[in-house]
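# Chain and residue survey
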Amino acid sequence: MSTVQRTIRFTLNGEAVAADVPTHWNVVELLQNRFGLFGARESCGQGLCGCCTVLVNGNAVSGCLYLAAFVHGAEVTTIEHGAAGRELDAVQQAFIEAGAFQCGFCTPGFVLMTRQLLDEKPDPTEDDIRHYLSGNLCRCAAYPEIVAAVKLAAQKRRAGQGR
Amino acid sequence: MTPFELLEPRTLREAAALLASGDATVRPFAGGTAVMLMMKMGVLRPTRLVSLRAVEKQYSGIGAGADGALRIGAMATLSALERSPVIRNEAPVIARTLRTLSNVRVRNVATVGGHLAHADPHMDLPPVLIALGASVTTVDAAGGRTIPLEKLYSGYLETSLGRGELIAEVSVPRQAPRRAAYLKCTTRSADDWPALGVAVVLDTLRETEGAAVREARIVISAATDTPTRLAKAEAVLRGARVDDAVLQRAGDAAASEASVIGDAHGSAAYKRELLRVYLARAVRAALAGEG
Ligand SMILES: Cc1cc2nc3c(=O)[nH]c(=O)nc-3n(C[C@H](O)[C@H](O)[C@H](O)COP(=O)(O)OP(=O)(O)OC[C@H]3O[C@@H](n4cnc5c(N)ncnc54)[C@H](O)[C@@H]3O)c2cc1C
Ligand code: FES
Ligand code: FES
């Protein structure tokens, strides 16, 4: 094995996996090219927009700025986690009910970030929401609906509806 | 991005040794948020990256010594800093600054050492930490040294760190009883790179003693090549009771002494005007304890 290629082992959405990757690949390239997962997608490629959001050991990161080699030994969670045959969670349901997207390109990132926010702050103020999501961009500009969706998701979670 | 070799030494000293050749295509890599951007833009094509992620855990610590001075490991993430109760208690201006520094995902990954070493004058923590009187401790083949943060920056994206010299730790004198504020002016969106940053740390007499300013440290960023202390503006505040006339004189002093340069965020003339306004606002915010 050359020094510019390595084998990484990690947990992907709860499953133990391994992959051979060039050391200069980022996490988006890893997920798309080795696992056929396209929920995290590269848009700005600069850490600004959040379309490439994934969780590494429970922390949100920009997949576009995170080297694939560094998820070795880590737990990686993407928007696809638990998607097969499960019901939507409170955040996803709230985004639908509030109409918080048009094209949906940015939605995986917003959903993952909103889950993180509500884990940290179950009852966020509008200011909390705007600060926390300032690193997520929506080119369809569904921002008012997104903020409403986050509030709705918080309500649903507190009422015990959905995960 | 082009292929490179990725090394993950287990100690900071080993990492420093791997960088000692001074080969510019061999680079330290901490959180990598800045390095990744430079590689993506093609301005950096490393042959080798020396990751600091696997070095001793002590370099990720955040704590306060008996004197209240804060010790922050170079590998501590900006999120860890933001959430640290020690930081909130001993230097609340740092926690407040972090709230609008980049975004959650970058803060989860970026490190204090990488943040300070990057030397982009638009960055937020350097002016704040210089105003508080911080210094960095380094590690290299010869051992290491302590550098006042004020002396770390030598130019745009340039530091006075030697070949194979790495930041190991940052030491920050506690804020209290001083009052501090950092204000930045962004001209496009709220989380854009600033056109100007102003950090102010004031040591004031108590209300009963006349509330005059005993000592002032003022540092600006984004409008100058490196974070810059404004000695003349500081002198205006020293010994004064703050009122509109004093703030006007301090603003005039600041605008005339700083080597302001224009960029995409504003012309030099505009930034000089911003400086007058934001210096006054920052002093007032510090006195009100709301910066
Ligand atoms: C989308 C985005 C928005 C941003 N917005 C802001 C903002 O609003 N305000 C702001 O202040 N900053 C902002 N930044 C910049 C960010 O703060 C820096 O990218 C980050 O702090 C760098 O830390 P790092 O650990 O990722 O550094 P790296 O990318 O790992 O390293 C940065 C530089 O320091 C060197 N280096 C790393 N560690 C050490 C060490 N211990 N000793 C010596 N040299 C070292 C590296 O070789 C490199 O030259 C933003 C960045 C992004 C991507
Ligand atoms: S693609 Fe990664 S943050 Fe925009
Ligand atoms: S819904 Fe289209 S980018 Fe957000």
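## Points about the side chain of A:Thr114
Tracing the backbone through its elements, the reader meets A:Thr114 in helix 3 (residues 107-120). In this structure A:Thr114 touches A:Val91, A:Phe95, A:Leu133 and A:Val150, once residues within four positions along its chain are discounted.

## A word on the interface of chain B and chain A
The interface is formed by 25 residues belonging to chain B together with 33 residues belonging to chain A. For the pair chain B and chain A, the two sides together bury roughly 2,400 Å², of which 56% comes from carbon and sulfur. Applying the counting rule to chain B against chain A returns five salt bridges. Two residues, B:Arg99 and A:Asp128, come together in a salt bridge whose shortest N-O distance is 3.6 Å. Scanning the region where chain B abuts chain A turns up 15 residue pairs in polar contact (both at pLDDT 80 or more). Among the elements of the structure, strand 1 (5-7), helix 2 (33-41) and helix 6 (104-109) of chain B are those that each provide at least two residues to the side of chain B that touches chain A. For the side of chain B that touches chain A, the element with the most residues is helix 6 of chain B, which contributes five residues. Tallied by class, residues from the side of chain B that touches chain A come to 10 nonpolar, seven polar and eight charged.

## Considerations on the site of ligand 1
The full set close to ligand 1 counts 32 residues, and B:Arg27, B:Pro28, B:Thr33, B:Thr111 and B:Asp124 are the nearest of them. Each of chains A and B places residues next to ligand 1. Residue B:Val35 places a main-chain N or O atom 2.9 Å away from an oxygen atom belonging to ligand 1. Note that an oxygen atom of ligand 1 is positioned 3.0 Å from one of the backbone N or O atoms of B:Ser102. Calculation on ligand 1 without its partners gives an accessible area of 980 Å², and the protein chains cover 96% of this total. At the level of secondary structure, the elements contributing two or more residues to the shell around ligand 1 comprise strand 2 (26-29), helix 2, helix 7 (112-118) and strand 10 (166-172) of chain B. At five residues, helix 7 of chain B tops the list of elements feeding residues into the shell around ligand 1.

## Describing the sheet that holds strand 13 (residues 213-221) of chain B
All names here are of chain B. Strands sit in the order 11-12-13-14 across an open sheet of four strands; the sheet is antiparallel. With partners counted over all chains shown, the strands left at the sheet margins are strand 11 (179-185) and strand 14 (228-229), one partner each. In terms of strand pairing, strand 13 meets strand 14 through two bridges, oriented antiparallel. The partner of Ile220 across the bridge, within strand 14, is Thr228. Contacting strand 11, strand 12 (196-204) and strand 13, helix 11 (residues 268-288) runs over the sheet at an angle of about 40° to strand 12.

## Quick word on the packing of aromatic side chains
Taken as a whole and judged by the stated rule, the model has two aromatic pairs over all chains. Ring geometry for A:Phe10 and A:Phe35: centres 5.8 Å apart, planes at 85°, overall edge-to-face. In this pair, A:Phe10 is assigned in strand 1 (residues 5-12) and A:Phe35 in helix 1 (residues 27-35), connecting sequence segments 25 residues apart. The class of A:Phe35 is partly exposed, set by a relative accessible area of 24%. Ring geometry for A:Phe70 against B:Phe29: centres 5.6 Å apart, planes inclined by 45°, an arrangement best described as tilted. Taken as a pair, A:Phe70 in the loop between strand 4 (59-62) and strand 5 (75-77) and B:Phe29 in strand 2 lie in two separate chains rather than in one. For the pair A:Phe70 and B:Phe29, a shared accessibility class is recorded, and that class is buried. For B:Arg53, the ring lying beneath its charged end belongs to A:Phe70, and the centroid distance is 4.1 Å. One cation-aromatic arrangement involves B:Arg281 over B:Tyr278; the distance from NZ or CZ to the ring centre is 5.0 Å.

Cut-off values and rules
- Residues numbered from 1 in each chain as written.
- Chains lettered and ligands numbered in written order.
- Predicted model: local features only at pLDDT ≥ 70, side-chain atom pairs only at ≥ 80, totals over all residues.
- Heavy atoms only, no water.
- Helix = DSSP H or I, 4+ residues; strand = E, 2+ residues; numbered from the N terminus.
- Contact = heavy atoms within 4.5 Å.
- Buried area = accessible area lost by both parts, 1.4 Å probe.
- Salt bridge = Lys/Arg side-chain N within 4 Å of Asp/Glu carboxyl O.
- Polar contact = N/O pair within 3.5 Å; in protein donor to acceptor, adjacent residues only side chain to side chain.
- Nonpolar A, V, L, I, M, F, W, Y, C, P; charged D, E, K, R; others polar.
- Near = heavy atom within 4 Å.
- Areas by Shrake-Rupley, 256 points an atom, 1.4 Å probe, with all protein chains shown as cover.
- Pairing = 2+ DSSP bridges.
- Axes fitted to C-alpha atoms, helices over the stretch in contact; angles between N-to-C directions.
- Phe/Tyr/Trp six-rings, centres within 6.5 Å; stacked < 30°, edge-to-face > 60°.
- Buried < 20%, exposed > 50% of the residue type's maximum accessible area, 1.4 Å probe, protein only.
- Lys NZ or Arg CZ within 6 Å of the ring centre and 35° of its normal.

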